[in-house]
Amino acid sequence: MFPKNFLWGGAIAANQAEGAYDEDGKGLSIQDVMPRGIQTPPTERPTEDNLKLHGIDFYHRYREDIALFAEMGFKVFRFSVAWSRIFPRGDEDRPNEAGLRFYDNVIAECEKHGIEPMITLSHYETPLVLAREYGGWTNRRLVGFFENYARTLMTRWRGRVRYWLTFNEINSIAHQPFLSGGIPRPIEELSLGELYQAIHHEYVASAAVTKIAHEIDPDNKVGCMILAVPRYPLTPSPEDVREAQWRSQLDIAFGDLHVRGEYPGVLRRYLADNGVSIEFADGDAELLRHTVDFVSFSYYMSVCETASGGQRGEGNLIGGVVNPTLRASEWGWQIDPKGLRYALNEFWDRWQIPLFIVENGLGARDELIDGTVEDDYRIAYLNDHLVQVGEAIADGVTVLGYTSWGCIDLVSASTAQMSKRYGFIYVDRNDDGSGSLKRYRKKSFDWYKEVIASNGGNLS
Ligand code: BG6
């Protein structure tokens, strides 16, 4: 059922894994001042209780880690480049050679094992200077800085890296402006106009970089990356159905723009109804027409919506109303494998371009006993989701690949905990920062290895 060339693999992000936050000329990123993730406001400067400063030390252990990925049979490895390793402030003309060299080595290691690298250019790690001195993506100048950054990477790794993602979960900026857009103000203090102008700058930057990627190498494949949270009506009432539809339209507008190259009507109306008019610079409309080659997305959970204001629960950054028919993870994320088939079908019917699931997984507490973790709960979660991917493929959806999130344990984005683990590989590090950083194979390690070897044949 899975096509022969299906890209199986795993995904991480620089700020959650690398550590070495100030080594080899790296500048600070917004993550270095977010010791509690999105739970509390950022600190003035980095504090040692921030687990991301040292992460899981991927910066020094990438060889060992990539060898473990290769042992599982990975065909693709998705990672992000820390922008502030390459441009420590973000606004320089010339890159930091030591930062580039680190990723030269990561890519070489992938090549050694026949693993296709997939790079996210911006994964919640805007350089801190761009956030604090420029106001993050509210400032148009970031478009030019981002172009320079992307051109630097794409030129250097021409022919070696083919898969590029622009902004991780680009729609999350509407809910988490600091994390996602480096905007150093609480959301309540931002007007809708400021927020959507910042979003416009990201759209333009994403399109500009897509253009650059294709100019540098026509074989480059660029994807947008959206946070997919299917929104079901809480009841069959037409009001609830419309509420769910409208809220998903606003989310999916981020994909529409990348695929169709223009603002969808529903977004234009939403902005006009709220008195917002977006400032287009000369050439923006043409730039936006440089559309993506594929749509990638993360999928962890679905939610409900109702017009009569239900109880909004925990969730992956954007949240929604609790679905009474589903159970949830310990962190309140509602588990819904069929929602993944639903999202794949929705996106395919809408856009008819290839899809790539670049994040999916279960955050859970693990217990290391006798050098391993019996993580049957994780195997069950992943199995059930992958079965639904198989169903979607049978429905006729083109799916390029699947990279499970946090294929090695790393620091959580929303809570900055180590104990919220996703990996096939256990990393000995605890929430208080203690631990040897040693790596251990979990039971799911062998299971995923078999999934890949059998091309999904062992799923049930
Ligand atoms: C996605 C992010 O929202 O979810 C990742 O792209 C993040 O960076 C993942 O780690 C899981 O979320 P969390 O908060 O459990 O780490």
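Everything numeric here is computed off the predicted structure, so don't read it as measured data.

Cut-offs applied
- Each chain has its residues counted from 1, running along the sequence as written.
- Residues qualify for local features only when their pLDDT is at least 70, as the model is predicted, and side-chain atom pairs are given and counted only at 80 or more; totals for whole chains, interfaces and linings, by contrast, use all residues.
- Note that the side-chain values use all heavy atoms of the structure and ignore hydrogens as well as water.
- Runs of E in the DSSP output that reach at least two residues are strands. Runs of H or I that reach at least four are helices, and both are numbered from the N terminus.
- The span expected for a helix works out to 1.5 Å for each residue beyond the first.
- Working definition: with a 1.4 Å probe on protein chains only, accessible area under 20% of the residue-type maximum means buried, over 50% means exposed, and in between means partly exposed.
- We define the nonpolar core as a collection of buried residues of types Ala, Val, Leu, Ile, Met, Phe, Trp, Tyr and Cys that are connected through side-chain atoms lying within 4.5 Å of one another.
- Any two residues whose heavy atoms approach within 4.5 Å at even a single point are treated as in contact.
- The near set for a molecule or strand comprises every residue that places at least one heavy atom within 4 Å of it.
- The definition of a polar contact used here is a pair of N or O atoms within 3.5 Å, where within protein one atom must be able to donate a hydrogen and the other to accept one, and adjacent residues in sequence count solely through side-chain atom pairs.
- Polar here means any residue outside two lists: the nonpolar Ala, Val, Leu, Ile, Met, Phe, Trp, Tyr, Cys and Pro, and the charged Asp, Glu, Lys and Arg; Gly therefore counts as polar.
- Salt bridge, as used here, is a side-chain nitrogen of Lys or Arg placed within 4 Å of a carboxyl oxygen of Asp or Glu.
- If DSSP finds at least two bridges between two strands, the strands pair.
- With the strands aimed away from the viewer, a crossover counts as right-handed if its path from the first strand over the helix to the second runs clockwise.

(A) Quick peek at helix H6 (residues 141–156). Between its first and last C-alpha atoms H6 spans 23 Å; for 16 residues at 1.5 Å apiece the expected length is 22 Å, and the two agree. Looking only at H6, the buried set comprises Leu-142, Val-143, Phe-145, Phe-146, Tyr-149, Ala-150, Thr-152, Leu-153 and Met-154.

(B) Molecular detail of the nonpolar core. The biggest cluster of nonpolar side chains holds 146 residues, and the ones touching the most others in it are Phe-58, Phe-69, Leu-121, Trp-157, Phe-297, Leu-344 and Tyr-448. Per-element tally for this core: the top contributor is helix H8 (residues 192–216), with 12 residues. For Phe-58, the residues in contact, after removing those within four places along its chain, are Ile-12, Ala-17, Glu-18, Asp-65, Ile-66, Phe-77, Phe-102, Val-106 and Arg-439. If you look at the next biggest cluster of nonpolar residues, it comprises 9 residues, including Val-76, Met-118, Phe-294 and Val-358.

(C) Structural context of helix H13 (residues 376–394). A rise of 1.5 Å per residue sets the reference length of H13, with its 19 residues, at 27 Å; its end C-alpha atoms lie 27 Å apart and thus fit the reference within 8%. When we look at burial in H13, the residues that qualify are Arg-378, Ile-379, Tyr-381, Leu-382, Asn-383, His-385, Leu-386, Gln-388, Val-389, Gly-390, Ala-392 and Ile-393. Those residues of H13 that are buried are in contact with strand S1 (7–11), strand S7 (294–299), helix H12 (337–351), strand S9 (355–359), strand S10 (399–405) and helix H14 (443–453). Looking one or two residues past H13, Gly-396 carries a phi angle of roughly 105°, positive in sign.

(D) Inspection of unusual backbone geometry at higher detail. Its identity as a non-glycine residue notwithstanding, Gln-352 has a phi of 55°, on the positive side. Inspection of the secondary structure puts Gln-352 in the loop between H12 and S9. One non-glycine residue, Asn-455, adopts positive backbone phi at about 50°. Looking at where Asn-455 falls in the secondary structure, it is placed in the segment after H14.

(E) Highlighting the site of the ligand. Around the ligand, a shell composed of 15 residues is seen, among which Gln-16, Glu-169, Ala-413, Ser-414 and Tyr-422 lie nearest. Within the backbone of Ala-413, an N or O atom sits 2.7 Å from an oxygen atom of the ligand. With respect to the ligand, the side chain of Ser-414 contributes an N or O atom lying 2.5 Å from an oxygen atom. Within the shell around the ligand, the residues separate by chemical class into 6 nonpolar, 6 polar and 3 charged.

(F) Representation of the pattern of salt bridges within the structure. Applying the stated rule across the entire model yields 39 salt bridges. The partner of Glu-71 in a salt bridge is Arg-441, and the shortest N-O contact between them spans 2.9 Å. Of the two residues, Glu-71 sits in helix H2 (residues 58–72) while Arg-441 sits in strand S12 (residues 439–441), which places them 370 residues apart along the sequence. Judged by its relative accessible area of 41%, Arg-441 is partly exposed. Ionic pairing is found between Arg-156 and Glu-97, a salt bridge with its closest N-O pair at 2.9 Å. Of this pair, Arg-156 sits in helix H6 while Glu-97 is found in helix H4 (residues 97–112), placing the two residues 59 residues apart along the sequence. Look at Glu-97 and you get partly exposed, because its relative accessible area is 36%.

(G) Looking closely at the pairing of S10. In terms of burial, S10 is largely enclosed, as 6 of its 7 residues are buried. Two strands pair when backbone bridges link them, and S1 and S10 are joined in this way by 5 bridges, in the parallel orientation. In the strand pairing of S10, Ala-11 is matched with Trp-405. Once you follow S9 into H13 and on to S10, the crossover reads as right-handed.

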